[in-house]
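One letter stands for each residue in the lines below.
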Amino acid sequence: MANEEQAKIINVEIHPLGENDIAQLEPILIQHVRSDAGEILLNEIDDIKRYMKGGQDQYGRTRTYFVAKDETGKVLGCTAYSQPDPDMLRHFNTTPELSIELLNNFVSGEVFRGGGIGRKLFTAVCNEAKKLGKKQLVLNSGPRYKASWGFYDRVCDESYGFLPDKFGKGRHAKTWKKAL
């Protein structure tokens, strides 16, 4: 790993998403939002960009985003939070008053795994949730993102089983929670 690249990781700052950040996030979304066969899912990327601009999702929720930027202002990743969707509320037997859901957690493939960007974004959401009076953070991840499951195993308090068929027949979502 080049020292120059490591320095960028050390100097990452987390900021609320600005409209100008969305264009920089598009290549990161293209890296990650793909079918099992590797095809870019343009409709899903368009939906995420609409959420970033304040549009509501299928549950009527709006999402709040954070971005990770290096010292030059280059966007290296993003994450979002909102109230948990109805499936998550049932699965965790919780309420929107007690819980917050982590969504759209993506880090650029240009930076090395284990560099701390994902953890900084995760921590920013946890800190914000505490300020909002939430008691726990919940999240799920579908089979397309199985490579990220180890990260959530490390940063969350516990895995909480699976939501059967969350992303279609036989496409179960692994779930986690973290006490705040």
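Right above here is the structure, for reference.
In this text, all values refer to a predicted model and were calculated from it rather than measured experimentally.

It is worth spelling out the environment of Lys53 at this point. You can see Lys53 is positioned in the loop between helix H3 (42–52) and strand E2 (64–69). Note: C-alpha distance between Lys53 and Lys169 (116 residues apart in sequence) is 31 Å. Leaving out residues up to four positions away in the same chain, Lys53 has contacts with Glu19 and Ile22.

Okay, the sheet that holds strand E1 (residues 13–16) next. Taken in spatial order, the seven strands line up as E1-E2-E3-E4-E5-E7-E6 in an open sheet, and their pairing is mixed. Looking at strand neighbours, the two that pair on one side only are E1 and strand E6 (158–163), the edges of this open sheet. Averaged over all pairs of adjacent strands, the angle between strand axes in this sheet comes to 30°, irrespective of strand direction. For strand E3 (residues 75–82) and strand E4 (residues 99–107), the ladder comprises five bridges, and the chain directions are antiparallel. Residue pairing across strands places Ser82 opposite Glu101, the latter belonging to E4.

Criteria and cut-off values
- Residues numbered from 1 in each chain as written.
- Predicted model: local features only at pLDDT ≥ 70, side-chain atom pairs only at ≥ 80, totals over all residues.
- Heavy atoms only, no water.
- Helix = DSSP H or I, 4+ residues; strand = E, 2+ residues; numbered from the N terminus.
- Contact = heavy atoms within 4.5 Å.
- Pairing = 2+ DSSP bridges.
- Axes fitted to C-alpha atoms, helices over the stretch in contact; angles between N-to-C directions.

Any functional reading would require information beyond the geometric quantities listed.
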